[in-house]
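Examination of the molecular architecture
Read off the chains here:
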Amino acid sequence: CATVFRPRTTPVMRMPSSGPLRDIEAFLFLHACDANGYVRQQALEMFQHYHGSLAMATALIRCADWAEPVQNAAVDLLSNLLAHGYGDRLFSLLDLVLPLRGRRRMAERAWPELLEPALRDPRFMVMRLNATRNRAAEVRLFALELAGEIDPGSLSTALANAAQDDNIRIALWAVRTAPSTTVALRTLDLALKNRQPAVRAEALRRWT
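In this text, all values refer to a predicted model and were calculated from it rather than measured experimentally.

With that settled, consider the overall build of the protein. Looking only at helices and strands, the protein has 13 helices and two strands in total. By residue count, 47% of the 208 residues in the protein fall in the buried class. Considering only contacts within the protein whose residues lie at least 6 apart along the sequence, 57% involve residues at least 24 apart. Element-wise, carbon and sulfur atoms account for 52% of the exposed surface of the protein, whose accessible area totals about 10800 Å².

For helix α4 (residues 68-83), with 16 residues, the first-to-last C-alpha span of 22 Å sits near the 22 Å given by 1.5 Å per residue. For α4, every residue scored as buried is listed here: Val70, Gln71, Ala73, Ala74, Val75, Leu77, Leu78, Asn80, Leu81 and Leu82. Taken together, the buried residues of α4 touch α2 (37-46), α3 (53-62), α6 (104-108) and α7 (110-119). Following α4 by one or two positions, Gly85 adopts a phi angle in the positive range, close to 85 degrees.

A complete count under the given rule lists two aromatic pairs for this structure. The interplanar angle of 65 degrees and the centroid separation of 5.6 Å between the aromatic rings of Phe91 and Phe124 together place this pair among those described as edge-to-face. A residue pair is termed long-range when its members are at least 10 positions apart, and Phe91 in the loop between α4 and α5 (94-101) and Phe124 in the loop between α7 and α8 (125-131) qualify at 33 residues. Overall, Phe124 belongs to the buried group, its relative accessible area being 12%.

By the secondary structure assignment, Ala184 is in helix α12 (residues 181-191). Ala184 sits in the buried class, given a relative accessible area of 17%. Along the primary structure Ala184 and Trp207 are separated by 23 residues, whereas in three dimensions their C-alpha atoms are 9.0 Å apart.

This paragraph deals with the environment of Leu129. Its place among the elements puts Leu129 in helix α8. In this structure the C-alpha to C-alpha distance between Leu129 and Ala143, which are 14 residues apart in sequence, comes to 7.0 Å.

This model, assessed by the stated rule, comprises 12 salt bridges. Of the charged contacts in the structure, one is a salt bridge between Arg104 and Glu108, with a shortest N-O distance of 2.7 Å. Of this pair, Arg104 and Glu108 both sit in helix α6, four residues apart, which is roughly one turn of the helix.

Within the element layout of this structure, Thr132 appears in the loop between α8 and α9 (137-150). A residue is classified by how much of its surface remains accessible, and Thr132, at 4% relative accessible area, is buried. A distance of 2.5 Å separates a polar side-chain atom of Thr132 from the backbone oxygen of Leu129. Discounting residues that sit within four places of it in the chain, Thr132 has contacts with Arg140, Ala143, Leu144 and Asn161.

Turning next to the nonpolar core. Counting 43 residues, the largest nonpolar core has Met56, Leu60, Leu78, Leu90, Leu94, Met106 and Leu119 as its most contacted members. At the level of secondary structure, the elements contributing two or more residues to this core comprise α1 (21-32), α2, α3, α4, α5, α7 and α9. Element by element, the count of residues in this core is highest for α4, at eight residues. If sequence neighbours within four positions are ignored, Leu94 has contacts with Pro99, Leu119, Ala131, Val139 and Phe142. Ala162, Trp173, Leu190 and Ala203 belong to the second largest nonpolar core, which has 24 residues in total.

Attention now goes to the side chain of Gln71. Position of Gln71 among the secondary structure elements: in helix α4. On the basis of relative accessible area, Gln71 is assigned to the buried category, the value being 6%. Looking at Gln71, its side chain comes within polar contact range of the main-chain oxygen of Cys63, at 3.3 Å. In contact with Gln71, other than residues within four places in its own chain, are Arg62, Cys63, Asp65, Arg105 and Glu108.

Moving on to the environment of Tyr50. The residue Tyr50 is located in the loop between α2 and α3 in this model. Counting along the chain gives 28 residues from Tyr50 to Arg22, while the straight-line C-alpha distance between them is 10.0 Å.

Cut-offs used in this document
Residues numbered from 1 in each chain as written. Predicted model: local features only at pLDDT ≥ 70, side-chain atom pairs only at ≥ 80, totals over all residues. Heavy atoms only, no water. Helix = DSSP H or I, 4+ residues; strand = E, 2+ residues; numbered from the N terminus. Buried < 20%, exposed > 50% of the residue type's maximum accessible area, 1.4 Å probe, protein only. Contact = heavy atoms within 4.5 Å. Areas by Shrake-Rupley, 256 points an atom, 1.4 Å probe, with all protein chains shown as cover. Expected span 1.5 Å × (residues − 1). Phe/Tyr/Trp six-rings, centres within 6.5 Å; stacked < 30°, edge-to-face > 60°. Salt bridge = Lys/Arg side-chain N within 4 Å of Asp/Glu carboxyl O. Polar contact = N/O pair within 3.5 Å; in protein donor to acceptor, adjacent residues only side chain to side chain. Core = buried A, V, L, I, M, F, W, Y, C linked by side-chain atoms within 4.5 Å.

Now the structure itself:
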């Protein structure tokens, strides 16, 4: 009832021969977290055959792995997923992507070569705009900054969302970013109704 997976490494991982896809992906995810680096590498290589969201999350986590062969396997998996058109899934995983961004091993390859270009892809304008409503403030701010830089067509909506945000950093970003007179006036008008006194004060200062 099981097949033996023997790549070039010594440890053997016994893959289920059948079963629901979610169970197989959960099996691979667990092995991708194994203490044995060879097992992690094998799991990532097997994930090449499965393109679910769990494969993307696993690749992201292991792109910062301390073992270079595991990191390489994770980068290969991430590259494969992006090449097959699954870049939009990154936006539902931004709360995972952003904390990993600062890790040295992530910054060496995966972030500059794969993740940043995918997150800035013009095709994902709607995904970036949707991310400005994420429940995590760090994600909202990141998406807003991307929209402000890349998506001029959605900037007015992004600024309106940000001006009403309860997070001070995000609301102040909106007040200080609005580019044109029309957009700025609308943004300031919304910011004047923000519940944060510091935001209302900054909006009033800029209004006058």
